[in-house]
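So the chains spell out like this:
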Amino acid sequence: MKKIAILGSTGSIGTQTLEIIAFHPDRFQVVALSAGQNIELLISQAKQFSPKLVSVATKQLADQVKLHLPSHITVVYGEEGLIEAAVHPAADIVVTAIVGSRGLPATLAAIEAGKTIALANKETLVTAGQLVMEKAARYNVPIIPVDSEHSALFQSLNGEQLKTVYKLVLTASGGSFRDRTRSELANVTIEDALRHPNWSMGAKITIDSATMVNKGLEVIEAHWLFGMPYEQIDVVIHPESIIHSMVEYDDSSIIAQLGNPDMRVPIQYALTYPERIESPAKRLNLTAIQQLTFREMDYTRFPCLQLAFECGKLGQSAPTVYNAANEIAVARFLNREVSFLDIERIIETVINDHNLMAITDAESILEVDTWARKYAAII
Ligand SMILES: NC(=O)C1=CN([C@@H]2O[C@H](COP(=O)(O)OP(=O)(O)OC[C@H]3O[C@@H](n4cnc5c(N)ncnc54)[C@H](OP(=O)(O)O)[C@@H]3O)[C@@H](O)[C@H]2O)C=CC1
Ligand SMILES: CC(=O)[C@@H](O)[C@H](O)COP(=O)(O)O
Ligand SMILES: [Mn+2]
């Protein structure tokens, strides 16, 4: 029986993780759940899965949750509560399904506590890739990707020698506005932006997909997860999201992972790795699909992806700034304060006005992250 803690159990990844756990009741047990504000859902999850501990964003919410749960379930809150969930002594695997770089301290704590990390929260690797990977190596902790592209790369690299990789190829759906020109983006609405063609996901990542920032974050995530130079990472538009990513080797062979767009597959793989077991996902029927298509990435149409490569190559504090500026810009867009195209303007401005600095520890990351957030909030 694998014991699971989920950070962000009320979100898109969190609820799908619980679907997998419910599908395999003999294999998994939930020991900790963490939510932000959605206590109604958290309470019903706790009643169904009987964790030992639940965590919510604030003391006020924790007090309300306590009224609805039996006293043997510990209720904690805030950043410390999130960390308690991440280091729960009974947990073997921590699923990091919280959104944004606020997931970093709990992820670092889980690594120090020796937990296997099933990593969905890509922002932690973008903002602190070196720190996270060095810590994972020091504590001998596996980081298993949940993000569909990285799960695909992980599977396509299985048993191969990294030195024989010619390039990693991430696929991108193109997002909600794939077929619109830049001039057509000026007046798009939040509702339009949230209509992803293939995946049902949380709001922040759906906007990231439309700006192509999601692919930018994923390029940096791939760099850190697989130790691959940016020059050997490529992105291709694949509107059907059936090939989840691929690895091209020196001998010209390409190994890819395919499947219907269903996050329960990579989530389950991260929980059962290296085993493969039956999943609730619908099987892929290639003859029904008939054709898979590909388009060259247009870096002028999607400048945020170009910027991510530049920030990744610059290293130091640049990826932290890229991520923080984007988190604020997306929150402002979702709050109807700025337009869709303002997201890239804000990111570009914050990056251009930033003086690159060395990132040595969690404190320096927090300092840069705080500066970028404050600036992105007012421009
Ligand atoms: N959705 C997907 O298909 C994919 C997502 N990812 C990545 O996974 C991560 C999660 O994405 P997704 O599930 O879509 O996001 P959602 O917005 O659906 O869920 C976010 C989760 O984080 C919780 N949360 C937010 N703020 C806080 C806080 N201050 N303290 C504690 N918990 C908080 C939310 O709690 P609450 O709702 O209770 O406030 C919720 O459980 C992201 O990093 C995303 O990039 C990667 C690949 C695919
Ligand atoms: C499901 C998943 O992993 C998302 O990150 C997804 O890849 C978003 O799709 P695009 O960013 O390719 O639109
Ligand atoms: Mn992805």
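As recorded in an unreviewed UniProt entry, the protein chain goes by the name 1-deoxy-D-xylulose 5-phosphate reductoisomerase, listed as coming from Paenibacillus yanchengensis. According to the UniProt record, the Function (unreviewed entry) comment for the protein chain reads "Catalyzes the NADPH-dependent rearrangement and reduction of 1-deoxy-D-xylulose-5-phosphate (DXP) to 2-C-methyl-D-erythritol 4-phosphate (MEP)."

Enquirer: Let's hear about the domain arrangement of the protein chain: which residues, and what values?
Expert: According to the domain assignment, the protein chain consists of domain 1 (2-145), domain 2 (150-262 + 291-305) and domain 3 (315-379). Between the C-alpha centres of domain 1 and domain 2 the distance comes to 26 Å. Across the contact, 11 residues belong to domain 1 and 14 residues belong to domain 2. Looking at the side of domain 1 that touches domain 2, the elements that each hand over two or more residues are α6 (122-138) and β7 (143-145).

Enquirer: Help me get a handle on the UniProt feature "domain: 1-deoxy-D-xylulose 5-phosphate reductoisomerase C-terminal" (unreviewed entry) in the protein chain, residues and values and all.
Expert: The sites that carry the UniProt feature "domain: 1-deoxy-D-xylulose 5-phosphate reductoisomerase C-terminal" (unreviewed entry) are, in the present numbering, residues 143-226. Secondary structure across residues 143-226 divides into 44% helix and 13% strand, with the first and last C-alpha atoms of the span separated by 11 Å.

Enquirer: Residue-level account of the site of ligand 1, with values.
Expert: Taken together, 29 residues lie near ligand 1, and G11, G36, N38, M201 and G202 sit nearest. Counting residues per element, the shell around ligand 1 draws most heavily on helix α1 (residues 12-23), which supplies 3 residues. Of the residues contributing to the shell around ligand 1, the split by class is 12 nonpolar, 12 polar and 5 charged. Each of domain 1 (2-145) and domain 2 (150-262 + 291-305) accounts for three or more of the residues forming the shell around ligand 1.

Enquirer: Any details on the nonpolar core? Residues and values, ideally.
Expert: Formed by 109 residues in total, the largest nonpolar core has its most connected members in I4, A5, L7 and A325. Element by element, the count of residues in this core is highest for helix α14 (residues 318-334), at 9 residues.

Enquirer: If you had to explain the sheet that holds strand β5 (residues 93-96) to someone new, which residues and values would you point to?
Expert: Spatially, β4-β3-β2-β1-β5-β6-β7 is the arrangement adopted by the 7 strands of the open sheet, whose pairing is parallel. Each edge of the sheet is formed by a strand with only one pairing partner; in this case those strands are β4 (74-77) and β7. Here the average twist between neighbouring strands, direction ignored, is 25 degrees. The sheet contact formed by β5 and strand β6 (residues 116-119) spans 4 bridges and is parallel. Residue pairing across strands places I93 opposite T116, the latter belonging to β6. Sheet strands touched by helix α3 (residues 59-66): β3 (53-56) and β4. Its angle to β4, the strand with the most contacts, is close to 165 degrees.

Definitions and cut-offs
- Residues numbered from 1 in each chain as written.
- Chains lettered and ligands numbered in written order.
- Predicted model: local features only at pLDDT ≥ 70, side-chain atom pairs only at ≥ 80, totals over all residues.
- UniProt positions renumbered as here; feature names shortened; annotations may be inferred.
- Domains from an automatic or database assignment.
- Contact = placed C-beta atoms within 7 Å.
- Helix = DSSP H or I, 4+ residues; strand = E, 2+ residues; numbered from the N terminus.
- Near = placed C-beta within 6 Å.
- Nonpolar A, V, L, I, M, F, W, Y, C, P; charged D, E, K, R; others polar.
- Core = buried A, V, L, I, M, F, W, Y, C linked by C-beta atoms within 7 Å.
- Buried ≥ 20, exposed ≤ 12 C-beta atoms within 10 Å, placed from the backbone.
- Pairing = 2+ DSSP bridges.
- Axes fitted to C-alpha atoms, helices over the stretch in contact; angles between N-to-C directions.

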